[in-house]
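Fold and contact review
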Amino acid sequence: MKKTWWKILASFLVVYATIAGLLLGVPHLAILNETIRNLYFHVPMWFAMMVLFSISVFYSVRSLSTKSEIDDLKAVESVNTGIIFGFLGLITGAIWAKFTWGQFWSFDPKQNFAAISILLYFAYLILRNAIDEEQKRAKLSAIYNIFAFPMMVVLLFVLPRLKDSLHPGNGGNPGFNSYDLDSRMRMVFYPACLGWILIGYWVYTIRFRIRTIENKEQHIRD
């Protein structure tokens, strides 16, 4: 029970956020209207991705000093899981865009930079698959990951602010503040963020255990 309480919490929060997010009242604002409910799904995906990429860069830094295969595996599996949530963020964002802006992809700066951020981490996986020697692969991919993370932060949080955007807070769309993110929405939004972050971490731990077993079997065969 001590090891699974956070998994139970994660499941409860996600189920609660999903049900409450669809049933509880929300502010009815121009442009957003009922689509504002997607806030409970779209934004938590990006938060989960950011946490997973943070875990990845931590273990990449650590692996350079420890040269541990375990640290390297944790780094790559957190990236693999983070990319999944990044895709979910793009998909939920595209659906939201269709109903508010009229098309799935409008080449909005935030959409473009988010897609580039995901491609950065695809390049990380391609780099790993291109190198056969384990130590060299671990070292080069760790160095790449350390540089990719701040680039991703700039792409998601800095560059979009330098341009007009259709996203909330720009171009006539209201921002998510005390005016629209009222107490009803906060009761759902914050649990949703925590719940999806924990689900993301849970998926990462499962992937890591599976990868560890596969590596042990490979070493036995070798």
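Reading the values: rules and limits
Residues numbered from 1 in each chain as written. Predicted model: local features only at pLDDT ≥ 70, side-chain atom pairs only at ≥ 80, totals over all residues. Heavy atoms only, no water. UniProt positions renumbered as here; feature names shortened; annotations may be inferred. Helix = DSSP H or I, 4+ residues; strand = E, 2+ residues; numbered from the N terminus. Core = buried A, V, L, I, M, F, W, Y, C linked by side-chain atoms within 4.5 Å. Buried < 20%, exposed > 50% of the residue type's maximum accessible area, 1.4 Å probe, protein only. Contact = heavy atoms within 4.5 Å. Salt bridge = Lys/Arg side-chain N within 4 Å of Asp/Glu carboxyl O.

Turning our attention to the UniProt feature "transmembrane region" (unreviewed entry) in the protein. UniProt feature "transmembrane region" (unreviewed entry): in the numbering of this structure it lies at residues 12–31, 43–61, 82–101, 113–131, 143–162 and 188–206. Helix and strand shares over residues 12–31 are 60% and 0% respectively, and the end C-alpha atoms of the span are 31 Å apart. End C-alpha atoms of residues 113–131 are separated by 28 Å, and the span's content is 89% helix alongside 0% strand.

Along the chain, L39 falls in helix α2 (residues 39–66). In this structure the C-alpha to C-alpha distance between L39 and G93, which are 54 residues apart in sequence, comes to 9.3 Å.

Okay, the nonpolar core next. The biggest cluster of nonpolar side chains holds 37 residues, and the ones touching the most others in it are M49, F53, V79, F85, Y121 and M152. If you tally residues by element for this core, the top one is α2, at ten residues. If we skip the residues at most four places from it in the chain, V79 touches F53, S56, Y121, Y124, L125 and N145. In terms of nonpolar packing, the next biggest core, distinct from the first, is built from 16 residues, V26, L29, M185 and A192 among them.

Should the charged atoms of two oppositely charged side chains come close, the side chains can pair. Applying the stated criterion across every chain, the model contains five salt bridges. Here R62 makes a salt bridge to D71, at a shortest N to O gap of 3.4 Å. For R211, the salt bridge goes to E77, with nearest N and O atoms at 2.6 Å. Of this pair, R211 sits in helix α6 (residues 183–221) while E77 is found in helix α3 (residues 69–101), placing the two residues 134 residues apart along the sequence. Within the structure, one salt-bridge network assembled from shared partners comprises E77, R207 and R211.

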